[in-house]
Number of protein chains: 2
Amino acid sequence: MKAELLATGDEIRSGALVDSNSAHIAERLEENGIDVLRHTSVGDNLDTLVSTLREIARRVDVAVVTGGLGPTTDDRSAEAAAEAAGVQLALDDNALENVESFFKKFNRPMTASNRKQAMLPQGSTVLHNPVGTAPGFSLAIERCLFFFLPGVPYEMKRMLKGHVIPAVNALQGDAVMHNRVKTITTFGLPESLAGEKVAGVEAAFPGIQLGLRAHFPQIQVKLYGRESTASALDRRLAEAGDWVMERLGAHVISENGETMETVVGRLLVQRAATLALAESCTGGLVANWLTNVAGSSDYFLFSGVTYSNRAKMDVLSVRPETLDTYGAVHEETAREMADGARRTAGSTYGLSTSGIAGPDGGTADKPVGTVCIGFSGPGGSYGKRYCFPFGKRLMNKKIFAMAALDLLRKELLKTGG
Amino acid sequence: MKAELLATGDEIRSGALVDSNSAHIAERLEENGIDVLRHTSVGDNLDTLVSTLREIARRVDVAVVTGGLGPTTDDRSAEAAAEAAGVQLALDDNALENVESFFKKFNRPMTASNRKQAMLPQGSTVLHNPVGTAPGFSLAIERCLFFFLPGVPYEMKRMLKGHVIPAVNALQGDAVMHNRVKTITTFGLPESLAGEKVAGVEAAFPGIQLGLRAHFPQIQVKLYGRESTASALDRRLAEAGDWVMERLGAHVISENGETMETVVGRLLVQRAATLALAESCTGGLVANWLTNVAGSSDYFLFSGVTYSNRAKMDVLSVRPETLDTYGAVHEETAREMADGARRTAGSTYGLSTSGIAGPDGGTADKPVGTVCIGFSGPGGSYGKRYCFPFGKRLMNKKIFAMAALDLLRKELLKTGG
């Protein structure tokens, strides 16, 4: 079964917005055995939308269109779909209920323009949007079944999973081929070196395709498999995955796409341990990542984001002599920060960062990219210095934060679960 | 002058890689007065490439193609271009020199497959690549001038700027039109309401186009202008922008795309003021945003990310009676947190967040989405409660953090600069 994707909107056409939806949709469709042949992006011009829909309808069996379902006058997907299919727009009761229930649930006033969102092409099937005001719809144009989804990524993802994937799998019936990608997330190896270590996987496991993707500061090793049964696919990917992970060793963070903060969180829960942080150069990023995980309040107690030296002394009890002798960026300062965070919060572990994220503040001795990471646990404390070769502030914050969590991860793995 | 973009490669087609090149190219072309009508992405299949090139050649004057110039057998852009133009591939001496000089410069061995990169369609003009092995080329197919560039973003950007933009401007001659987008960033209005407030701008300023973009939790109002001179364009956009900003009032954060944290940082600098935070539900996100701005150490002193009640009491001196009587999520607790952060750090201002980001922890009284924001300044302190209608943890963290910074922004504006 062949598919195409269409992303609509002047923001995408003019380059104001990067279209990340199409990659997500392509990946999910391909996993379900659909061949995605082409992605197209056009603006909000009605004639262009109509002619593009007609072109796609002549080429493929299934299409997913994103964007243009909002309440404003430049949202024209329903109008274009109706014209391409040669039908009228009509108020859809189910769609109106979707819009109204959203406003009711959140006790917000519904405007006249929101009513427009319930005007759908005749003959279409409404696709309920559980998380937004814009209902989607599906509609056949010539021999192609189109799915129209909102452009907001998180609404689109929910509706793709809830409506589109089940519908295309029902259409495919027994002819389905199973495609899947196994994602092995690593930290601490440059892309070229990671690539060399795992290059042999395609020869060792015929049919498996290898892809490397930099997801700074992590490198993802992707294994693409395709089999006629789900169980054969699972087995094949598991074998190839084990081969790859053996070669990457301790650099492997997860084998299922899990983030560093999820992995560290689970290790802490398994050990019934708690954590406090002292962050200087990472500015709260480590705490922000950790608290993105639901349930993190079970193990994360506190972070002291101490940009000023006064806060390092007052909140974390770093000794003034240490700051005088070594400065804010030093192994000993980082060690005292980690000890201080742990003592202040009464946690099992303390972890700290102090470094120079840039663009200014570097010296010959401690250039931009230098970070000292402190660790404190029941068995003692220490500080460790790293120097990363990146000039950009946001890149440095990310790699400093990831290096700190990776140090904690390795310490936790040493203690057993 | 009309243009289209084509991104090639199985990684993009299958969704393994998000195509960020097309947005960049579209933005640069539009700035130079070229109308970008459509972006297309296809895989490495030769027939598909050839037919897509021919389709584009029939529709527009200029096209930019990215990817497929590498040394491997699935890099087929030159082959496809030759077939679409009806010419042969031939070894291009200038291109070969580009490839050879790159390997020489970096003292790396050149392989036979790299020689393939110098095989270009007859009649094409080589485009020197100063930062990689793959030279690009330009070639007319029917009435359209195609530019073929590497897919590596930083090579593509160098060559777009160095070769493509000068070439299309030479083609346009005196007919060049200037396009630009003015971005007004707002917070606190739903998209539909913001849209209604500013809907009249197109009628009031003929030639100006309006676009709204949700960049959660902010709404960006975009004004697209097009004039024959840069000065007329500046004037037109300034007038339309003033009209829009008057209607959006205090919801306007910036009129030049600046982020909330940049605006708040500048307001603090202008007042020679400093800031300390106490974050519970936002988990360090406010501090992380603020410290993404270079130079933030001039005004940002400290954030106490106090997930545990113990840390709220020990670090921020929140009174145990307050926590007992009102709980962690309450105006009074937020007020004491802001006071405590300000006192601990010795800052001019204190700002705090305490709320329920979800997915669990909500009650009938304080549902998920509830946040109390505390403010402390020289004139006193207070706490304020908000309830946002979003169910997702990461969305709530973002909107809580943005609401806190917006409250601070409004307080700072009251004090004058």
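About the thresholds
- Residues numbered from 1 in each chain as written.
- Chains lettered and ligands numbered in written order.
- Predicted model: local features only at pLDDT ≥ 70, side-chain atom pairs only at ≥ 80, totals over all residues.
- Heavy atoms only, no water.
- Helix = DSSP H or I, 4+ residues; strand = E, 2+ residues; numbered from the N terminus.
- Buried < 20%, exposed > 50% of the residue type's maximum accessible area, 1.4 Å probe, protein only.
- Areas by Shrake-Rupley, 256 points an atom, 1.4 Å probe, with all protein chains shown as cover.
- Lys, Arg positive; Asp, Glu negative; His and termini not counted.
- Charge placed at Lys NZ, Arg CZ, Asp CG, Glu CD.
- Contact = heavy atoms within 4.5 Å.
- Buried area = accessible area lost by both parts, 1.4 Å probe.
- Salt bridge = Lys/Arg side-chain N within 4 Å of Asp/Glu carboxyl O.
- Core = buried A, V, L, I, M, F, W, Y, C linked by side-chain atoms within 4.5 Å.
- Phe/Tyr/Trp six-rings, centres within 6.5 Å; stacked < 30°, edge-to-face > 60°.
- Lys NZ or Arg CZ within 6 Å of the ring centre and 35° of its normal.
- Domains from an automatic or database assignment.
- Polar contact = N/O pair within 3.5 Å; in protein donor to acceptor, adjacent residues only side chain to side chain.
- Nonpolar A, V, L, I, M, F, W, Y, C, P; charged D, E, K, R; others polar.
- Patch = residues over 30% accessible without salt bridge, like charges linked within 9 Å, V, L, I, M, F, W, Y side chains within 5 Å.
- Expected span 1.5 Å × (residues − 1).
- Arc of directions from axis to C-beta.

Draft legend 1. Molecular detail of the overall build of chain A. Secondary structure assignment for chain A yields 16 helices and 17 strands. Within chain A, buried positions represent 58% of all 417 residues. For chain A, the exposed surface amounts to about 16500 Å²; the carbon and sulfur share of it is 51%. One way to put it: in chain A the 44 positive side-chain charges average out to a point 4 Å from where the 47 negative ones average out.

Draft legend 2. View of the interface of chain A and chain B. Contacts between the two partners involve 69 residues from chain A and, on the opposite side, 71 residues from chain B. At the boundary of chain A with chain B, total buried surface from both sides reaches about 5600 Å², with 52% on carbon and sulfur atoms. The largest contributions to the chain A side of the interface with chain B come from Arg13, Arg38 and Tyr307 of chain A, which together make up 10% of the buried area. At the boundary of chain A and chain B, one finds four salt bridges.

Draft legend 3. The pattern of salt bridges, seen in detail. A full pass over the atoms with the stated rule returns 48 salt bridges over all chains. Asp10 of chain A serves as the salt-bridge partner of Arg13 of chain A, at 3.0 Å between the closest nitrogen and oxygen. Separated by three residues within a single helix, Arg13 of chain A and Asp10 of chain A lie in helix 1 (residues 10–13), roughly one turn from each other. No difference in accessibility class separates Arg13 of chain A from Asp10 of chain A, as the two residues are buried. Put simply, Glu332 of chain A and Arg319 of chain A hold a salt bridge, and the shortest N to O gap is 3.8 Å. Within this pair, whereas Glu332 of chain A is found in helix 15 (residues 331–345), its partner Arg319 of chain A is found in the loop between helix 13 (309–316) and helix 14 (320–326), the two being separated by 13 residues in sequence. By relative accessible area, Glu332 of chain A is classed as buried at 18%. Assessed through its relative accessible area of 43%, Arg319 of chain A is described here as partly exposed. One salt-bridge network, held together by shared partners, links Glu4, Arg38, Glu55 and Arg59 of chain A together with Glu4, Arg38, Glu55 and Arg59 of chain B.

Draft legend 4. Representation of the nonpolar core in the model. Counting residues in hydrophobic clusters, the biggest one holds 80 residues, and the most contacted among them are Leu351 of chain A together with Leu351 of chain B. Broken down by element, this core gets its largest block of residues, eleven residues, from helix 16 (residues 393–414) of chain B.

Draft legend 5. Molecular detail of the packing of aromatic side chains. Tallied over the full model, the rule gives 18 aromatic pairs over all chains. The interplanar angle of 80° and the centroid separation of 6.4 Å between the aromatic rings of Phe205 of chain A and Trp243 of chain A together place this pair among those described as edge-to-face. Taken as a pair, Phe205 of chain A in the loop between helix 9 (201–204) and strand 10 (209–215) and Trp243 of chain A in helix 10 (residues 230–248) lie far apart in primary sequence, 38 residues in all. A residue is classified by how much of its surface remains accessible, and Phe205 of chain A, at 11% relative accessible area, is buried. Counting every residue linked through ring pairs, the aromatic cluster contains Phe137, Phe146 and Phe148 of chain A. Over the ring of Trp243 of chain B we find Arg247 of chain B; its NZ or CZ atom is 3.7 Å from the centre of that ring.

Draft legend 6. The arrangement of the domain arrangement of chain A in detail. Residue and element names in this part refer to chain A. Structurally, chain A comprises domain 1 (2–175), domain 2 (178–254) and domain 3 (260–414). Averaged C-alpha coordinates put domain 2 and domain 3 at centres separated by 31 Å. Opposite the nine residues of domain 2 that make contact, domain 3 presents eleven residues. Buried surface at the junction of domain 2 and domain 3, summed over both partners, amounts to about 840 Å²; 75% is from carbon and sulfur atoms. It is Phe187, Phe216 and Ile253 in domain 2 that bury the most area against domain 3; as a group they hold 65% of the surface buried on that side. Where domain 2 meets domain 3, there are zero salt bridges. Between the two partners, domain 2 and domain 3, sit two residue pairs in polar contact (both at pLDDT 80 or more). In terms of residue count, the dominant contributor to the side of domain 2 that touches domain 3 is strand 12 (residues 252–254) (three residues). In the side of domain 2 that touches domain 3, the residues fall into six nonpolar, three polar and no charged.

Draft legend 7. Broad picture of a positive patch on the surface. The grouping of Lys105, Lys157, Arg158 and Lys161 of chain A together with Lys392 of chain B at the surface amounts to a positive patch. Looking at the positive patch element by element, the count peaks at three residues for helix 7 (residues 153–172) of chain A. Following the sequence through the fold, Lys161 of chain A ends up in helix 7.

Draft legend 8. A look at helix 5 (residues 93–105) of chain A. Residues and elements named next belong to chain A. An ideal rise of 1.5 Å per residue puts 18 Å on 13 residues; helix 5 measures up with 18 Å between its terminal C-alpha atoms. Among the residues of helix 5, those classed as buried are Ala95, Leu96, Asn98, Val99, Phe102 and Phe103. Down the axis of helix 5, the buried side of the element spans an arc of 155°, and every buried residue falls inside it. Counted as exposed and oriented over 90 degrees from the buried face of helix 5: Asp93, Glu97, Lys104 and Lys105. Here the buried face of helix 5 lies against strand 4 (89–91), helix 6 (112–115), strand 5 (119–121) and strand 6 (125–127). Measuring from the side-chain oxygen of the N-cap residue of helix 5 to the backbone nitrogen of Asn94 gives 2.9 Å; that N-cap residue is Asp92.

Draft legend 9. Main features of the side chain of Ser77 of chain B. Residue and element names in this part refer to chain B. Along the chain, Ser77 falls in helix 4 (residues 77–85). Classification of Ser77 as buried rests on a relative accessible area of 3%. With residues near it in sequence (within four places) discarded, Ser77 still touches Thr8, Gly67, Gly68, Leu69, Phe137 and Phe148.

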